[in-house]
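# Working through the structure, step by step
Here is what each chain is made of, one letter per residue.
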Amino acid sequence: MDTIIVKPTQNEIKRAANIILQSGIVAIPTETVYGLGANALDKSAVEKIFLAKGRPMDNPLIIHIGRKNDIYKYAKNISSTTEKLIDEFWPGPLTVVLQKKSIIPDEITGGLSTVAIRMPANEVALALIRQAGVPIAAPSANVSGKPSPTKACHVKDDLNGKISLILDGGSCEVGVESTVVDVSGEKVAILRPGKITKEMIERFVKVDSVMENASKSEVPKAPGMKYAHYSPKAKITIYDGKREDVLKQINTDVHNYSFKGIKVGVIIESEYKSSIVYGNVYDIGCYDDEHAVAKNLFSILRQLDDDDIEVAFIPMLKSEHIGKATMNRLLKAAAYNLKTV
Ligand code: TXA
Ligand code: MG
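So, how was this worked out
- Sequence positions are assigned chain by chain, starting from 1 and proceeding in written order.
- Chain letters start at A and ligand numbers start at 1, both assigned in the order the entries are written.
- In view of the model being predicted, local features appear only for residues whose pLDDT reaches at least 70, and side-chain atom pairs are presented and counted only at 80 or more, with totals across whole chains, interfaces and linings using the full set of residues.
- Excluded from the side-chain calculation are hydrogens and water; included are all heavy atoms of the structure.
- In this scheme, a residue with accessible area under 20% of its type's maximum is buried, one over 50% is exposed, and one in between is partly exposed, where area comes from a 1.4 Å probe on protein chains only.
- Every helix listed is a DSSP run of H or I at least four residues long, and every strand listed is a run of E at least two residues long, numbered separately from the N terminus.
- A pair of strands is treated as paired once DSSP finds two or more bridges between them.
- Space inside and on the surface of the protein is sampled on a 1 Å grid over the protein atoms alone, with a cavity defined as a set of points where a 1.4 Å probe fits but cannot get out and a pocket as an open set with protein on both sides within 12 Å along at least 5 of 7 lines; lining residues have an atom within 4 Å of a point.
- Grid points are joined across faces, edges and corners, and a volume is the space filled by probe spheres set on the points.
- As a working rule, the residues Ala, Val, Leu, Ile, Met, Phe, Trp, Tyr, Cys and Pro are called nonpolar, Asp, Glu, Lys and Arg charged, and the rest polar, with Gly in that last group.

Glancing now at the pairing of strand S6 (residues 94-100). Of all 7 residues in S6, 6 are buried; the element is thus mostly enclosed. Pairing between S6 and strand S10 (residues 179-182): 4 bridges, direction parallel. Bridged to Thr 95 within S10 is Val 180. The pairing of S6 with strand S7 (residues 114-118) spans 4 bridges and is classified as antiparallel. Bridge assignment links Val 96 to a residue of S7, and that residue is Ile 117.

Put into structure tokens, the structure is as follows:
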């Protein structure tokens, strides 16, 4: 099968919707990352997603809907606070976990009694869902374990030959996946940090717990959080300490590795670029622009592989707002390999 990347014209959206309705899978842009979509009500289609991604069957998928009210078709026991959350943040990068209705196949939820739902803030995704007339189950469109795709070409790099169509919506605006919030029980828990922060959610409801940077040993509540994630081939080290000392240490370490013939990359904010003397330098955006940093992270992690980088160094990034989500993904990509300077 040839994989083609197409501009999302009305005709191509119709073509994609037909593929979805014929139990096929297509890659679609969302505001967070690209998703690999299938008809959420069609078991055989959903199984193709797991196969193409090499995803463990017990890791449940998010269902994407085209209208807020569709949530009542697929979930039950929806509280008035949940309604307030979706009123405020949908369409947008917030996924809510709720008790599922029986129309949702167990294949989607990994056998759980809950289902994760979101309405994406992306015109192409919404047009496709509405055209198909079915909810679309979509995990990130990467091969399991790799960084999530934020451009159509990333999807092609991972899934070439495994899917027929990629709708090209350009670069994803947000760049890290949606916040996952469990509102299925009495206590509210953030299972995955994202652009919608705890503080934003707490304007409506108290958040009881946040799975932020759980260490490897903790058992994560969102099943997906327990698997290796976002890993480029390069071994990543995150440097923590006073910025001046960190820069000095990175320069020393780059020099030592390069001397041994190892290909080193340094991921750094724009204003510190000129402080790095050796190695391949990757500009992740300005320190205070946490939205740009979030948007660039996955793309840079993939670039490391393209450039055959063997080890990569990066300082701790600013961890405010969406920066918390970015650091969460970076720590996983680095397998929690922190060096304190
Ligand atoms: O931004 C996003 O959410 C992207 C775009 C494509 O929408 N999708 C995405 O899907 O990141 P995925 O499959 O890569 O991540 C879904 C996460 C996983 O950690 C999964 O375990 C969790 O949501 N999840 C799904 N259903 C759940 C449930 N019923 N209970 C708890 N966690 C759930
Ligand atoms: Mg994913």
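Right, picking up where we left off after that structure.
Below, the discussion takes up empty space enclosed by the protein. Throughout the structure, instances matching the rule amount to 2 cavities of 30 Å³ or more. Volume-wise, the largest cavity comes out at about 90 Å³. Here the residues of the lining of the largest cavity are counted per class, giving 5 nonpolar, 3 polar and 3 charged. For the second largest cavity, the calculated volume is near 50 Å³. What lines the second largest cavity is simply Glu 269, Tyr 287, Glu 290, Val 293, Leu 317, Lys 318, Gly 323 and Thr 326. The set of elements that each furnish at least two residues to the lining of the second largest cavity consists of helix H10 (290-306) and helix H11 (322-333). A per-class count over the lining of the second largest cavity returns 3 nonpolar, 2 polar and 3 charged.

The residue after Trp 90, namely Pro 91, is reached through a cis peptide bond having omega -10°. Mapping Pro 91 onto the fold places it in the loop between helix H4 (80-89) and S6. Even without being a glycine, Tyr 230 presents a positive backbone phi close to 60°. Within the fold, Tyr 230 resides in the loop between strand S12 (209-210) and strand S13 (235-240). Under the relative-accessibility criterion, Tyr 230 is labelled buried at 2%. Backbone geometry places His 321, a non-glycine residue, at a positive phi of 50°. One can find His 321 in the loop between strand S16 (311-315) and H11.

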